[in-house]
Amino acid sequence: MTKRADPIRRQITPELSAVIGRQLEIIRSRIGLSHAEAAKAAGIHLSTVYTIEAGTRSPHLMTILDILYAYDASTAEVVDFLHAVVVEDMRLRAVAAA
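In what follows, the accompanying structure is described. (Residues numbered from 1 in each chain as written. Predicted model: local features only at pLDDT ≥ 70, side-chain atom pairs only at ≥ 80, totals over all residues. Heavy atoms only, no water.)

Check the secondary structure of the protein and you find five helices and zero strands. Counting from the amino terminus, the protein carries its helices and strands in the arrangement α-α-α-α-α. The 98 residues of the protein split such that 31% are buried. Counting only contacts in the protein whose residues sit at least 6 apart along the sequence, the fraction spanning at least 24 positions is 68%. Entry remark: accessible area of the protein is about 6800 Å², with carbon and sulfur atoms responsible for 60%. (Helix = DSSP H or I, 4+ residues; strand = E, 2+ residues; numbered from the N terminus. Buried < 20%, exposed > 50% of the residue type's maximum accessible area, 1.4 Å probe, protein only. Contact = heavy atoms within 4.5 Å. Areas by Shrake-Rupley, 256 points an atom, 1.4 Å probe, with all protein chains shown as cover.)

Dropping the structure here:
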């Protein structure tokens, strides 16, 4: 029998939301899109772009993918994004366990 995931551990913390937002902002800035252009390209509301980048909103996986596709993110950018998020998640889990 497989162990069920603890629903609390599956929530995105504010710290992790901040990392996700910061990484998406880096990609957006690198390709030179404004917030409005990014929102239009991703098919999301302008306030969604702002709140995700500010780390005050935890985006769904599909929203993250929509944004990355809209930014035409390279494989390296996607890997860098995932790496930063996973490293921060591991750090936060280690701090919580200590």
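Attention shifts here to the side chain of E53. On the secondary structure map, E53 appears in helix 3 (residues 46-54). A residue is classified by how much of its surface remains accessible, and E53, at 10% relative accessible area, is buried. One polar contact links E53 to R28, side chain to side chain, over a distance of 2.6 Å. Setting aside residues up to four positions removed in sequence, E53 forms contacts with G21, R22, L24, E25, R28, H35 and Y71. (Polar contact = N/O pair within 3.5 Å; in protein donor to acceptor, adjacent residues only side chain to side chain.)

Residues of helix 4 (residues 61-70) that are buried include every one of T63, I64, I67 and L68, and no others. For helix 4, the angular spread of buried residues about the axis comes to 135°, placing them on one side. Seen from the open side of helix 4, the exposed residues pointing more than 90 degrees away from its buried face are L61, M62 and Y69. Along its buried surface, helix 4 packs onto helix 1 (14-31), helix 2 (35-42), helix 3 and helix 5 (75-97). Directly beyond the C-terminal end of helix 4, a positive phi value near 50° is found at D72. (Arc of directions from axis to C-beta.)

Before going further, it helps to examine the side chain of Q23. By the element assignment, Q23 lies in helix 1. Apart from the residues within four sequence positions on either side, Q23 is in contact with D80, F81 and A84.

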